[in-house]
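Structure at a glance
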Amino acid sequence: MAKEPSTVNNVEKSLVRAPAAANSLEEAELLEQENDLLATGEQQLEIEIEEDDEGGAVINFGSETEEIITEFDGNLAEVLSDDELSDISSYVTQSYQDDRTSREDWEDTYSKGLDLLGLRYEIRTEPFNGATGVIHPILNEAVTQFQSAAYKELLPSNGPVKTKIIGQMTPEIENRADRVKEFLNYQIMYEMEEFEPEFDQMLYYLGNAGSAFKKVYFDQQLNRPVSKFVPAEDLVVPYTATDLRSADRVT
């Protein structure tokens, strides 16, 4: 009976001494030996950190010096080697070409659809000289009707923004929601001068191409949000992507 406490204590001490990264007592002993070497100075590294005026830092590892850019928007291309930049460039270019190849059928169908809008006249020699080149504008009419109906629904005269209160409603919260709605509608319809024409153009392309995109960002020069229409042919993603958030690439 006297040996039990001794055995338990030995096990407890081993568990206490074992580093968190060890999966067994054998690994713990090896890690402990490495820590002992570091403690005796046999593998110590002299590290010095010098901050510069531009928000970066120079870290000295003994005789080796490596500059680390700590700025959030720092240009990483300035610190990468030419070989690394070449590898990245090749990867990005090849990936873009692969994405373009994956949607070749869509691009072909889209380009043919533009010819079927009936907006231009062709002088044909097939099947004989002088054959009519007129295409009935029924497709263009359908796209225009979609554009008109979608415009009324998505951009009404009082503005596109609506608010919804989740949770308990109080007069204070309702007044706050009304202020948010009025301000955003004012900003979109009056301050963002490009929003309405870009939105109208986007709806026409959406009906014809099946996909359209908007790029919304804050413009530092205008000091306000900006909303730009991006045609589907100008934005390349892998054809199997279901949405931009989960897409491997957006070019």
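Remember, it's a predicted structure, so these values are computed and weren't measured experimentally. (Residues numbered from 1 in each chain as written. Predicted model: local features only at pLDDT ≥ 70, side-chain atom pairs only at ≥ 80, totals over all residues. Heavy atoms only, no water.)

1. A closer look at the overall build of the chain
Each helix and strand counted, the chain has seven helices and five strands in total. In the chain, buried positions account for 20% of the 251 residues. Put simply, 41% of the contacts in the chain that link residues at least 6 apart link residues at least 24 apart. Accessible area for the chain stands at about 19,600 Å²; split by element, carbon and sulfur atoms hold 52% of it. (Helix = DSSP H or I, 4+ residues; strand = E, 2+ residues; numbered from the N terminus. Buried < 20%, exposed > 50% of the residue type's maximum accessible area, 1.4 Å probe, protein only. Contact = heavy atoms within 4.5 Å. Areas by Shrake-Rupley, 256 points an atom, 1.4 Å probe, with all protein chains shown as cover.)

2. Re the pairing of strand 5 (residues 224-231)
The element strand 5 is largely enclosed, with a buried count of six among its eight residues. What sits between strand 4 (residues 212-219) and strand 5 in their antiparallel hairpin is a turn of four residues, with Asn 223 showing a positive phi close to 60 degrees. (Pairing = 2+ DSSP bridges.)

3. Thoughts on the confidence of the model for the chain
Summing up the model confidence of the chain, the mean pLDDT is 79 and the portion of residues at 70 or higher is 72%. In the model, residues 1-20 has pLDDT below 50 throughout and makes six contacts with residues more than four positions away in sequence or in other chains. (pLDDT = per-residue confidence, 0-100.)

4. Notes on the packing of aromatic side chains
This model, assessed by the stated rule, comprises five aromatic pairs. Aromatic pair Trp 106 and Tyr 110: ring centres 5.3 Å apart, planes at 0 degrees, arrangement stacked. Here Tyr 110 and Trp 106 lie together in helix 4 (residues 104-115), a separation of four residues that amounts to about one turn. Overall, Trp 106 belongs to the buried group, its relative accessible area being 19%. Ring geometry for Tyr 204 and Tyr 205: centres 6.5 Å apart, planes at 80 degrees, overall edge-to-face. Joined through ring pairs, the aromatic side chains of Tyr 204, Tyr 205 and Phe 229 make up one cluster. Over the face of the ring belonging to Phe 195 we find Lys 214, whose NZ or CZ atom lies 4.9 Å from the ring centre. Here the basic side chain of Lys 215 rests over the ring of Tyr 217, its NZ or CZ set 5.4 Å away from the ring centre. (Phe/Tyr/Trp six-rings, centres within 6.5 Å; stacked < 30°, edge-to-face > 60°. Lys NZ or Arg CZ within 6 Å of the ring centre and 35° of its normal.)

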